[in-house]
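# Summary of structural features
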Amino acid sequence: MKNIIITVILLVISNVFMTFAWYGHLKLQQMKIVSANTPLYAVILLSWGIALVEYCFMIPANRIGFRENGGPFSLMQLKVIQEAATLIIFTIFTVLFFKGESLQWNHFAAFGCLIAAVWLVFLK
């Protein structure tokens, strides 16, 4: 049970950092902290720096959670948990930081499909 909790917490933390690495520069651009004229290589380097922190959580999560390392999850289960966490965190990030984005009925339907995917991947 301990490895389940640790793995999920690490996956969630890693996905927070990855969401900021992938999309944070867009918010910084909106806030006029980063210009649209900022060279792409500078934005990529900034994102890589954030992604490095993400890897510091993702790699241990996968190592601790992987069944062959004594963890509770198969690779497929780890990936589905990670993807579900990514979409939940991305949705929260988008709604909080990008006020022009709104949730529609089809987004909720997609989340229902994700919950079904997580349930299906854990069936024996």
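Residues numbered from 1 in each chain as written. Predicted model: local features only at pLDDT ≥ 70, side-chain atom pairs only at ≥ 80, totals over all residues. Heavy atoms only, no water.

All chains considered together, the criterion is met by one salt bridge. Between Glu83 and Lys79 there is a salt bridge, and its shortest N-O distance comes to 2.8 Å. Of this pair, Glu83 and Lys79 both sit in helix H3 (residues 75-97), four residues apart, roughly one helical turn. (Salt bridge = Lys/Arg side-chain N within 4 Å of Asp/Glu carboxyl O. Helix = DSSP H or I, 4+ residues; strand = E, 2+ residues; numbered from the N terminus.)

Judged by nonpolar contacts, Leu10, Leu11, Met58, Ala61, Phe66, Phe73, Leu78 and Ile81 together constitute the single largest core of eight residues. If you list the elements that add at least two residues to this core, you get helix H1 (2-30), helix H2 (40-65) and H3. Residue contacts for Leu11: discarding those within four places in its chain leaves Met58, Ala61, Asn62, Leu78, Ile81 and Gln82. (Core = buried A, V, L, I, M, F, W, Y, C linked by side-chain atoms within 4.5 Å. Buried < 20%, exposed > 50% of the residue type's maximum accessible area, 1.4 Å probe, protein only. Contact = heavy atoms within 4.5 Å.)

Further remarks concern the packing of H1 against H2. Describing two packed helices takes the angle between their axes plus the distance from one axis to the other. Packing of H1 against H2 brings their axes to within 8 Å, and their N-to-C directions diverge by 170°. When the axis of H1 is compared with that of H2, the two are roughly antiparallel. Each residue belonging to the contact of H1 with H2 can be placed in one class, and the counts come to 20 nonpolar, eight polar and one charged. (Axes fitted to C-alpha atoms, helices over the stretch in contact; angles between N-to-C directions. Parallel < 35°, antiparallel > 145°, perpendicular 65-115°, else oblique. Nonpolar A, V, L, I, M, F, W, Y, C, P; charged D, E, K, R; others polar.)

The subject of this paragraph is the environment of Cys56. Turning to its location among the elements, Cys56 is positioned in helix H2. A sequence separation of 34 residues divides Cys56 from Trp22, and the C-alpha atoms of the two residues are 16 Å apart.

This brings us to the packing of H3 against helix H4 (residues 105-121). Two elements in contact, H3 and H4, have axes whose closest approach is 9 Å; the angle formed by their N-to-C orientations is 160°. Taken as axis vectors, H3 and H4 run roughly antiparallel relative to one another. Judged by the sense of rotation from one axis to the other, the crossing of H3 with H4 is left-handed. Contact with H3, carried on its side by Met76, Gln77, Val80, Ala84, Leu87 and Thr91, involves Phe111, Leu114, Ala117, Val118 and Val121 of H4 and no other residues of that element. (Left-handed = near helix turned anticlockwise from the far one by under 90°.)

The next point concerns unusual backbone geometry. Phi is positive for Lys32, which is not a glycine, with a value near 65°. Of note, Lys32 is situated in the loop between H1 and H2. On the accessibility criterion, Lys32 (72% relative accessible area) is exposed.

Counted by the stated rule, this structure contains nine aromatic pairs. On the numbers, 5.9 Å between centres and 80° between planes, the contact of Phe73 with Phe122 is edge-to-face. Note that Phe73 is positioned in the loop between H2 and H3 and Phe122 in the segment after H4, a separation of 49 residues in sequence. Residue class for Phe122 comes out partly exposed when judged on its relative accessible area of 30%. Members of the aromatic cluster, joined through ring pairs, are Phe20, Phe93, Phe97 and Phe98. The ring of Phe98 has Lys27 lying over it, and the distance from NZ or CZ to the ring centre is 5.9 Å. (Phe/Tyr/Trp six-rings, centres within 6.5 Å; stacked < 30°, edge-to-face > 60°. Lys NZ or Arg CZ within 6 Å of the ring centre and 35° of its normal.)

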